[in-house]
Structure formats: structure tokens, C-alpha cells
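Commentary on secondary and tertiary structure
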Amino acid sequence: VDVRMAHGMSLRGLLVLALGTLVLSASDPSGRASGDAGWIPVAVHVVLVGFDDELPVAPAELRRLLESSLPLAQPSLVKTSEVFETQTVLQYTVHRAEDAQRHALQDAVVAAAKAEPAVYSASLEGSERAVVDVDAKRLEDAYAQLYDELVGGVNKAPGGDSSSKPNTYLVVIQRLSADEMSPKFPAMHIQGSPTLHRLRYARSVPTQAFVGKGRYLVVDLSAAPCHYGMLGADGSVSESTFPRLEVVGENTSADEQRVIVAVAMRAISALVVSAVRFVLAPSVRFCPASASSVLMPVIALRDHEDAADVTQVDAAIASLRTEVQRWNISGIDVSILASTHPLHTHPSLAIALSRALRSATTHEIYAGRFTPIAKPFLDASELLLNIARSADALGGELMRASAADGGGALSSALGTATAAFRRATQAAEDGAPVGSRLLPVYLLSLASEDARTVLKANLVGHDLGADITGGARAAAGAAHSAHGRAEAGLLSVSSVAVVVLQPTEEKVNTGHFSSDGEAFADGRDATRHLVAGVLGALAGVMPPHETFSHVTAQTETSYVWAVGAHPFGPFATTSTVSDIFIDVATRNQLLCQLRAIEIQLDAAEHAVDRFAHDFLRAEPGNRQTGGSLAPWDGFAEHVWENRRQQPDTMPLVFVSRLVPQSRELRAQLGALQDAVEIAVLLPSESFAQFSSLLVAASALSVRAQAEVISARIDLGCCALLHDVSLPLSSYLYLLLLTFGALAAVGVAVARRRGGAQKYSLRSMRVAREHASRRL
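Moving on, we come to the overall build of the protein. Within the protein, the regular secondary structure consists of 19 helices and 26 strands. Within the span of the protein, comprising 775 residues, buried residues form 50% of the whole. Contacts in the protein between residues far apart in sequence, at least 24 positions, make up 74% of those at least 6 positions apart. A total of about 34700 Å² of accessible surface is found on the protein, and carbon and sulfur atoms cover 55% of it.

Encoded structure:
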């Protein structure tokens, strides 16, 4: 094992890497090829609660349907629309809950309903029904116990003293008995129909599905129907989104029973696939720079002196610090430095804020008719660009430092602030590792009339926050489409910085709707937006209501999982992050590290291949050419494998020195990937190994490109002649072809000359006859 790779590894990691390298060296010296796709295992357990004889869904048949519907998930990088080579392989297991487990969940629902009695009547499916609200947050212990019984391990946050299983999730599909629970609910019953329960997570909008705090998701098909979403946008939840499954009766024929079961299985499979695509194995927003430590200055800028808002800002920053410490994402050390500043003491930032202001014309009802009204909004990308251009120490200098090297010293070689800021968006794509990363977070606490704006986040993967003017639907207008729409919100996330708006209004219209009517948010509480922005910027985590389809190259929206233990989206009401998103953040880092290593190794091999193609020659052999491959792709390795057939020249010595190093790094990369695939190393445990490999690959890339430039300069004085020696049979074959071609050409030329001479003699005779006639 390379000594450089041993730094930061545990004994277990060293043994895995050594054994993997030996196995790969014995089977294939080059290890895993560049185009071979690795995979990360993700276990998805599905439990059917209440699917008894009335709806006999066979677990084995449902598992086969899931395996054929979505056997693997291909993660995509939203920022560049590219597909990762590493795939997420899904391993499904279907359970049928026992009666005792179903009764335990029903008792938990009844106890939660009695804890905060809220009973009312609602019109559901054309009839008046009694409905009782149930806070789903009070059901966490019951579902954690179910997870423990079916999957194993106590479902607690990673990093704790528990036997939790990362990348192992439970999807609960339940049909609870309303007849058994209705008599136990608080009073108010409508004669002839049982009382229905309606789920709300931490006083959120009514829902039938939510993301749990642990590694589980819940779909309650027996809960009261509900609807929520956004007008004019795709992905809204209606009463028909969650199916009302039919049951098998006594007079149901065998054919009808098969149809009922088949419909139920398709509906359950669609819900599980939706959970996988949007929550369990989503797309990656962007790849941040790989760093072992992150310095996060949280800069609160306010244009008022409201003491209550200042206190809320301090509380939000304290909650953010506590939540970030709980995550413990792959051992990254995050240091938060918080400060609050009046906006008028930083005129450069105030000017940057004013320059980013735009206006949009909306139509609102005023005096009984629609009246056009111009409303201001902030362009998020323009705001960050203007902050980077500013001469303020809290703006331009921080942004330039973030753009330079992720937290290093300010460099004058980067040129202007604009160039530095634009260069920051390409930092992660280059794949070069950095020791530390600087991530500024701007919290704009604005109360003035001119600053009551909408933050339109034109950056990729933004969060659908609140429109503090109350006109998101009108402000967005025609911009709401299935692709590339600019939403209005309170949060903007990028790989360079995070921007959060904090208005002074308590009830902020988010521009969304639910069964309760218009959806509102607390604009003065910025904790949720801070947590969502930081998690998205640290690891590229997308909101659970958005995913990227590499087939259509568009962002898809679905609000099915917009409620639960997460701070993302307009329907979230808590700043607590589920363990699922911490796993997703860890996997995103692993995917980005693999991509960065591939970029560095490809850059080194590309430079050596071009050099070998220009200065060396070799027989074609079995090297693949044509198609999308360039003529020099793989040429250096092919020459190195046939080096004994060539003279010992300076270009060959150069290639023979760099090619083995690249092959060794690829073998080590393949060994680490194999360790992750067979679950010997968890993604969180492989961070140090992949980071060390990324440093080695980056060093090789820099050295290879520098040595190629030096070698080309040294060879500029000389002319290389390659003498190709062919066997005797080849000489005879070429000689015969040459004589045959010359003979054919000679005969054709002789025929042409003979015909031309005959034609010229006849012309002379005709001319003499005409001359004699004239005389």
C-alpha cells in the first residue's frame, strides 16, 4: 500500500485497500477501467401494514415488481446535466406487518389525537365526515420501534452510540382500521360514518405522506384525503394522488380479485419508486470543492433596530450551529463565525443590494378590478455577483477568497472580483482538492419598504421559499413551466455562498395552497432557511420535492414528500434534518469525490496520450479506435504495453515513467470502490481514503501536464524518424501491388496516346484536302 494513502486510514481500511489492490493486480493489472460503472448499495425495506385478507398483496410478487420497475438509480449532476458513472443499486425487501405491530401503530395514532384534540367536520368525497388532526411528530417513537423490529438497530442520528444502519431505509405503507380507532378518538362523531384522522407534521399542512426523523418514510392510505401544492405548477398533490384501494369481498370472483390485487401492487410500487427518486436516491445539486474543513461566516445584515428580530437572528444562528454539529457529514469540520451588522455601516453592500433589485409587473384586484402593480424582487445570481464586486471586507474579499481556493489567502493573480466569482463556479468541476473551504452565508434582515422584495433564485436547485410580498403566483406568472422556471422565495443556494431573506412579517404568503387554504410561513424565523441552505451548499442536497431526470434533462417537481422532518420547501415547518438527508449528503460527497478523481486521472492520461501519439509509433494491436474516441485515446498505455518492441528513446522513457503511476492509482480506486460495493466500507468511512486518493491523482495530473510541456520543449530541436520494418511476406505483397498498379496505369496511358495520334493524322489529311480544293 502506498504510504501516502495510509495517512488517516484505519487498520480496517488499510487491510481492505491492500487486499483489493492485490486481487485487482492478480486479475487485471490496470484495475477497474475508466468507463466501468461502480455502484453503491442501498437497501429499501417496504412494510405493508393492514394488508390482510381483504387486500392480499403477496410480498414476493411486490418485490419482483419493484425490482423490475427500478432496479437501480442513476444519479445526475444537475448543474452540468451529466450522469455519474457510479450507480445506486437498490436492494428491495418486502415485509407484512403482524397484527400486534398494526395495533401498536393504531394506539400511537389514538394517543397523538388525544394529546392535542382538534376535531372538526370536513367535506370529503361528497359527504360530511368528522376529522381529527394527528401530529405525526408524536408517532416517531412508534415508527422507530417498527424500524428496529423489521430492519434491526436503533434508528438514531449517525455518530451516536447506536447500531443504526446507514443506507438502509423503511417505507411504511399502512391501512389502519378507522372502525377500530374511531370510538377511541375525541368526541364529535357523525352518525353512520367513522371518524377519520388527518396527519400533520409539526403543525404543517394536512398530508398522507411524510418523511420521518429516522431512516423511514410513511404513507397512510387510511388518512383523510388532502391536497396541497402550487397553482400553475406540476407536481401538486390532489385527493387522487394517494389511491383509495378496493378490497376483496365475499362475492368477489377470482378474476376480480386478481385485478384488485394487481391495481394495489402497481399503486404501492409507484409510491415506493417516488420515494426512491425524490428522497432516498435523489440527484446531486452540484459538487462542492472537496475539503477537510469548512469555515462558514454567517453575516447578518439588517436595516432596522428591532430588538425582537435581533434576538431571533441570534437564536437562528445558535440552532444552525447545533444542527450542523449533529450532522457530522463524513468527518468534515465546520466552523461557524457569526456576526450582525447594520446595513448602513456597509455602503458597498447596500449598493450591491440596490443594484440587484429588479421589478416584475403583476395584476391584483384593487377597487373591484385588476390593476397592474410593479413589485420589486432580488435576482439571486446578480446579488452574489454584485457582492463579489464590492470593496467591502464582508462582501468582495470573502467572495474572492471563496472563489480562489476555498479558504486560502486572497490572491491578486485572480484579477478582478468578477472573474474570481465566475471562476468559483468552476472550482468543483476541476476536481482539485483544497485543504479548507470558505462558505459565506448572508442573512438579510430587511424591514424597509423598498427592501420588501422577492428573492428569485436563478441558481440551480434553489429552495421554494416564501414570497414576502404575497404575490408569488402573480410574480412568477408565465415563468411557471416544467423547465427552468425562476421561483420566488426566501432562500438561494449556490456552491459559493448562501443568501437568506428575513422579512419582518409573521405571516408570509408562500404562493402555495393546501386543504387549509393559502399556505403561510413565519417570515421572522430564518432558522429553517439557514439549515436548508447550509445543507444544500455543503453537500449539494436537493429538496425532496425536486429531482432531475437525465432522460428529459429537466427538473421534475412532486410535493408528495414535501412534508416531514426536513427544512426544505414551502410546506416544511421544522429545522430538524432527517437521517435520510444526512446519508444523502454523505453519498453525494462520495459521488463527487469519485468524479473528481476520474477528472484528474483523465487529465493526466490525456496529456500523456497526446504526447505519445505525437512522438511515438506502435502497431495497432487490439487498441480500440474510432467512434467517439480520439486517435490518441489510450495510445500511451498501448505503447507502454509494447515497449519491448521499440528502441529506448526519451519519449518512451517519459511514457514508461507516468503510465504505471496512473495504472496504480486506478487500481487503488477500483479497490476502494469494491470495498464500498460489498459494504465492507460505508460511504462515511471511505471519506479519508478517497480524499487521499484525490490528492494523489491531483498531484499526478499537475506533474504530468508540467512534464509534458517540458518534454515538448526539449524535443523541439529534433526531428524524429520512425523506421517501420515489415516481414518478407508483407514486402512481396506490397511489391506485387506496386507493379500491378504501374502496369495498369501504363496500359491506360499507351491507349490514350495511340488514339490521340490516330486522330491527329486524320486531321492533317483533311486539312490538306481542303487546302488543295481552295487552290
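On we go.
With that settled, the discussion passes to the nonpolar core. Residues Val44, Trp327 and Trp561 are the most contacted members of the largest nonpolar core, which totals 123 residues. Top element by residues in this core is helix H6 (residues 254-280). It accounts for 14 residues. The next biggest cluster of nonpolar side chains, apart from the first, holds 42 residues, and it includes Leu77, Leu652, Val655 and Ala711.

It is worth spelling out the pairing of strand S23 (residues 508-514) at this point. Along S23, seven of the seven residues are buried, which leaves the element largely enclosed by surrounding structure. In this structure, strand S12 (residues 228-229) lies alongside S23, joined through two bridges in antiparallel fashion. Across the sheet, the residue bridging to Gly229 is Phe513, located in S23. Note: S23 against strand S24 (residues 517-521), four bridges, orientation antiparallel. Bridging from a neighbouring strand, Asn509 pairs with Phe520 of S24.

Mapped onto the elements, Tyr201 comes out in the loop between strand S9 (196-200) and strand S10 (209-211). For Tyr201, a relative accessible area of 3% puts it in the buried group. Spatially, the C-alpha atoms of Tyr201 and Phe571 are 9.7 Å apart, while their sequence positions differ by 370 residues. With residues up to four places along the chain from it excluded, the contact list for Tyr201 reads Asp135, Ala136, Lys137, Glu140, Phe210, Val211, Lys213, Val563, Gly564, Ala565, Thr573 and Thr574.

Another point: the packing of aromatic side chains. With the rule as written, the count across this model stands at eight aromatic pairs. For the ring pair Tyr559 and Phe571, a centre distance of 5.7 Å and an interplane angle of 85 degrees mean the geometry is edge-to-face. Taken as a pair, Tyr559 in the loop between strand S26 (554-557) and helix H15 (579-615) and Phe571 in the loop between S26 and H15 lie far apart in primary sequence, twelve residues in all. Considered together, Tyr559 and Phe571 belong to a single accessibility category, that of buried residues. Among the aromatic side chains, those forming a connected cluster through ring pairs are Tyr143, Tyr201, Phe210 and Tyr216. Sitting over the face of the ring of Phe51, Arg175 holds its NZ or CZ atom 5.7 Å from the ring centroid.

Attention now goes to the environment of Asp609. Structurally, Asp609 can be placed in helix H15. By relative accessible area, which is 9% here, Asp609 ends up buried. Along the primary structure Asp609 and Gly634 are separated by 25 residues, whereas in three dimensions their C-alpha atoms are 6.3 Å apart.

A few words on the sheet that holds strand S6 (residues 119-124). Here three strands make up an open sheet; going across it, the order is S6-S7-S9 and the pairing mixed. A strand with exactly one partner marks an edge of an open sheet, and here the two such strands are S6 and S9. On average, each strand axis in the sheet is inclined to that of its neighbour by 45 degrees, with strand direction left out of account. As paired strands, strand S7 (residues 127-135) and S9 are joined by five bridges and run parallel to one another. Across the sheet, Val132 pairs through a bridge with His197, a residue of S9.

So, on to unusual backbone geometry. Residue Ser81 is not a glycine yet carries a positive backbone phi of 60 degrees. Take Ser81: it is sitting in the loop between strand S3 (76-77) and strand S4 (82-83). Owing to a relative accessible area of 42%, Ser81 belongs among the partly exposed residues under this scheme. Its identity is not glycine, yet Ala553 carries a phi of approximately 55 degrees, on the positive side. Relative to the helices and strands, Ala553 is located in the loop between strand S25 (546-549) and S26. Since its relative accessible area comes to 37%, Ala553 is described here as partly exposed.

It is worth spelling out the sheet that holds S12 at this point. The strand order across the open sheet formed by three strands is S12-S23-S24, and the pairing between neighbours is antiparallel. Edge strands, defined here as strands with exactly one partner in the open sheet, are S12 and S24.

It is worth spelling out the state of the cysteines at this point. Taken as a whole and assessed by the stated rule, the structure comprises one disulfide. The residue that forms a disulfide with Cys287 is Cys592, at a sulfur-sulfur distance of 2.2 Å. Handedness of the Cys287-Cys592 disulfide follows from its S-S torsion of about -80 degrees: it is left-handed. Of this pair, Cys287 sits in the loop between H6 and strand S13 (293-302) while Cys592 sits in helix H15; the two residues are 305 residues apart in sequence, bridging distant segments of the chain.

When the pLDDT values of the protein are averaged, the result is 76; 74% of them are 70 or greater. Within the model, pLDDT remains below 50 along residues 1-35, and this stretch shows 53 contacts once partners closer than five positions in the same chain are excluded. Note on residues 457-488: pLDDT under 50 across the span, and 101 contacts to partners over four residues away in sequence or across chains.

With that out of the way, let us pick up H15. For H15, spanning 37 residues, the distance from its first C-alpha to its last is 55 Å, which sits close to the expected 54 Å at 1.5 Å a residue. Within H15, 29 of the 37 residues are buried, which leaves the element mostly enclosed by the surrounding structure.

Summed over the entire model, instances satisfying the criterion amount to 20 salt bridges. Notably, a salt bridge pairs Asp107 with Lys184, separated by 4.0 Å at the nearest N-O pair. Of the two residues, Asp107 is situated in helix H3 (residues 99-115) and Lys184 in the loop between helix H5 (178-181) and S9; the sequence distance between them amounts to 77 residues. Using a relative accessible area of 43% as the deciding quantity, one classes Asp107 as partly exposed. When its relative accessible area of 43% is taken as the criterion, Lys184 is described as partly exposed. In this structure, Glu707 engages Arg703 in a salt bridge whose closest nitrogen and oxygen atoms are separated by 3.9 Å.

Contact pair helix H14 (residues 527-539) / H15: the axes reach a minimum separation of 9 Å and the direction vectors enclose 25 degrees. Compared by their axis directions, H14 and H15 come out roughly parallel. Residues Leu535, Leu538 and Ala539 of H14 form the contact with H15, whose own contacting residues are Phe581, Ala585, Asn588 and Gln589. When the residues that make up the contact of H14 with H15 are grouped by side-chain class, the tally is five nonpolar, two polar and no charged.

The element helix H9 (residues 380-389) is extensively covered by neighbouring structure, given that seven of its ten residues are classed as buried. Burial in H9 covers these residues: Ala380, Leu383, Leu384, Leu385, Asn386, Ile387 and Ala388.

A few words now on the packing of helix H8 (residues 347-355) against H9. Look at H8 against H9: their axes get within 8 Å of each other, and the N-to-C directions meet at 150 degrees. With respect to each other, H8 and H9 are oriented roughly antiparallel. Helix-helix and strand crossings are classified by hand; for H8 and H9 the assignment is right-handed. Contact with H8, carried on its side by Leu349, Ala352, Leu353 and Arg355, involves Glu382, Leu383, Asn386 and Ile387 of H9 and no other residues of that element. Looking at side-chain class alone, the contact of H8 with H9 contains five nonpolar, one polar and two charged residues.

Moving on, we get to a negative patch on the surface. A cluster of acidic residues, Asp52, Asp53, Glu54, Glu98, Asp99 and Glu149, forms a negative patch at the surface. Within the element layout of this structure, Glu149 appears in helix H4 (residues 140-150).

Reading the values: rules and limits
Residues numbered from 1 in each chain as written. Predicted model: local features only at pLDDT ≥ 70, side-chain atom pairs only at ≥ 80, totals over all residues. Heavy atoms only, no water. Helix = DSSP H or I, 4+ residues; strand = E, 2+ residues; numbered from the N terminus. Buried < 20%, exposed > 50% of the residue type's maximum accessible area, 1.4 Å probe, protein only. Contact = heavy atoms within 4.5 Å. Areas by Shrake-Rupley, 256 points an atom, 1.4 Å probe, with all protein chains shown as cover. Core = buried A, V, L, I, M, F, W, Y, C linked by side-chain atoms within 4.5 Å. Pairing = 2+ DSSP bridges. Phe/Tyr/Trp six-rings, centres within 6.5 Å; stacked < 30°, edge-to-face > 60°. Lys NZ or Arg CZ within 6 Å of the ring centre and 35° of its normal. Axes fitted to C-alpha atoms, helices over the stretch in contact; angles between N-to-C directions. Disulfide = S-S within 2.5 Å. pLDDT = per-residue confidence, 0-100. Expected span 1.5 Å × (residues − 1). Salt bridge = Lys/Arg side-chain N within 4 Å of Asp/Glu carboxyl O. Parallel < 35°, antiparallel > 145°, perpendicular 65-115°, else oblique. Nonpolar A, V, L, I, M, F, W, Y, C, P; charged D, E, K, R; others polar. Left-handed = near helix turned anticlockwise from the far one by under 90°. Patch = residues over 30% accessible without salt bridge, like charges linked within 9 Å, V, L, I, M, F, W, Y side chains within 5 Å. Lys, Arg positive; Asp, Glu negative; His and termini not counted. Charge placed at Lys NZ, Arg CZ, Asp CG, Glu CD.

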